[in-house]
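# A look at the structure
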Amino acid sequence: MSNCFILLAAGKGKRFKSKNPKQFINYINKPLFMHSVDKAIKSKMFKTIIIVSNLPIKNIRTKSIKVIKGGKERHESTQNALNFIKNKKIKNVFIHDAARPNFTIRLLKRLKNNLKKNKAVVPYIKTYNSVKFVEKNKIQNLDREKLLFTQTPQCFDFKSIYKLSKLNKKKITDEASLFLTNNRKVKFIKGEENNFKITTIKDFKKPNVKSFYGIGFDIHRLIKNKNLFLGGIKIPFHSGLQGHSDGDVILHAVIDGLLGAMNKKDIGTFYPSNKRKFKNIRSPNMLSPILKILNKDGYSINNVDINLICEKPKVSKYRDKIIKSLCNLLNINKDQVNLKGKTVEKLGLIGKEEAIACEVIISLDHYA
Ligand code: ZN
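Please read all numbers here as calculations on a predicted model, not as lab measurements. (Residues numbered from 1 in each chain as written. Predicted model: local features only at pLDDT ≥ 70, side-chain atom pairs only at ≥ 80, totals over all residues. Heavy atoms only, no water.)

## A short note on the coordination of the zinc ion
To be explicit about the condition: Metal-coordinating donors are taken as N, O and S atoms lying within 2.8 Å of the metal, or within 3.2 Å when the metal is Na, K or Ca; because water is left out, some sites can appear incomplete. Here a helix means four or more residues in a row that DSSP labels H or I, a strand means two or more in a row labelled E, and each is numbered from the N terminus. Note on classification: 1.4 Å probe, protein chains only; a residue is buried when its accessible area is under 20% of the maximum for its type, exposed when over 50%, partly exposed between these limits.
Of the protein atoms, only Asp218 (OD), His220 (NE2) and His252 (ND1) coordinate the zinc ion, at distances of 2.0 to 2.1 Å. Each donor residue of the zinc ion belongs to the same chain, with the gaps between them written as D-x1-H-x31-H. Here histidine 220, found in strand S13 (residues 209-224), pairs with histidine 252, found in helix H6 (residues 249-261); they are 32 residues apart in sequence, far enough to count as distant. For the residue pair histidine 220 and histidine 252, the accessibility class agrees, reading buried in each case.

## Brief notes about helix H8 (residues 283-296)
What counts, and what does not: Here the expected length of a helix is defined as 1.5 Å per residue gap, with one fewer gap than residues. Picture the helix axis, draw a direction to every C-beta atom, and the arc is the one those directions span. Only heavy atoms matter for contacts: two residues are in contact if any of them lie within 4.5 Å across the pair.
For H8, built from 14 residues, the straight-helix expectation of 20 Å at 1.5 Å per residue is met to within 8% by its first-to-last C-alpha distance of 21 Å. Taken as a whole, H8 has its buried residues at Ser283, Pro284, Met286, Leu287, Ile290, Leu291, Ile293 and Leu294. The arc that holds the buried residues of H8, viewed along the axis, is 170°, so those residues lie on one side. Exposed residues lying more than 90 degrees from the buried face of H8 are Lys292, Asn295 and Lys296. Looking at the buried residues of H8, the elements they touch are H6, helix H7 (267-270), strand S17 (299-309), helix H9 (315-330) and strand S19 (355-367). Of the residues flanking the end of H8, it is glycine 298, one or two places downstream, whose phi is positive at about 85°.

## Concerning the environment of aspartate 365
Put simply, the test is: Under this definition, polar contacts are N or O atom pairs within 3.5 Å; protein pairs additionally need one hydrogen-donor-capable and one acceptor-capable atom, and for neighbouring residues in sequence, both atoms have to be side-chain atoms.
Along the polypeptide, aspartate 365 turns up in strand S19. In the structure, aspartate 365 is positioned 50 residues away from valine 315 in sequence and 29 Å away in space, judged by C-alpha atoms. A distance of 2.7 Å separates a polar atom in the side chain of aspartate 365 from a polar atom in the side chain of serine 211.

## Things to note about the sheet that holds S17
To be explicit about the condition: Paired strands, as defined in this entry, are two strands with at least two bridges between them according to DSSP. Axes here refer to lines fitted to C-alpha atoms; in helices the fit is confined to the stretch in contact. Angles between the N-to-C directions go from 0 to 180 degrees.
As summarised here, the arrangement of the 5 strands in space is S16-S13-S19-S17-S18, forming an open sheet in which the pairing is mixed. The open sheet is flanked by strand S16 (239-241) and strand S18 (337-342), the only strands paired with a single partner. Strand after strand, the sheet turns through a mean of 20° between neighbouring axes, direction not considered. The strands touched by H6 within the sheet are S13, S16, S17, S18 and S19, with S13 carrying the most contacts at an inclination of about 155°. Its contacts with the sheet put H9 on S17 and S18, and the angle it makes with S18 is roughly 145°.

From the geometry alone we can't say anything about function, so treat these as descriptive.
Here's what the structure looks like:
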């Protein structure tokens, strides 16, 4: 018995003036819906993740993720997803709107804990506005203390919601309504102010974003009897790069570029070459702690531009492979990395094929 995360991404977004549905528009460096998918994966709580979408979704390589078609209305999309997992031995199901990218994994865990003693758990927030209610042309006051604004993810015992959803033919704006209209108990827990719903194009405007730039440079001597690593992958070549580590000049320059943009000194500070524990370290392993800092401190990568300076190997031959590797390592898209090959007219150490150098410029956004 396991948990399933259903992401509703089939909405048309009537209040949203854009050709693309809003859930596919870029929001902080990835399509809006991917924020929820990535968080569900990161939480490690879900055996199955279902994306309900009426547009094709490419580049989903994770086996636990399934993309299915949605209906015209929200309740039809939910029903499609519930039908899809009917025989998959799901115990709990979390249903979430793709337009809410800012929930925390902590909220997922609180929902799950509360579901142990309940069949439906729903997060809510209060309003600070004064609220009026219009009925038959008469406007009345409403006590805001009695109002709950429900959010998603909402989580449910699968069997209970499956039954209720099957009977429902009405338009609903959330699944909590199903339980309430059928007089079933819903446990309400405190939601998150930041977990607002992106509704208009204005909501996409980045809050307090500052850009930073970092430069990186590295050079290593070529020696026989060593593998050549560039951008995290092995390149067939007669020599490799000398150094305390695997000598990957691209990744070292990238690390320095990242550190530079984050105002965090340099690669030597993090990996002193006199420390034995770093001997023969692979450069992707040097990069990952730096990326952890980047994520923790609220940075995201805009783009990376690279000059690889060498006579051989020919960059054009390996460009696609190196870029693919960098995208995987840095968790960015192909259109955010550029790799240029540069020779030096046979001049100096590099010209004599005795060394390879690399320079990098990186742009980061920081979200305050
Ligand atoms: Zn180096």
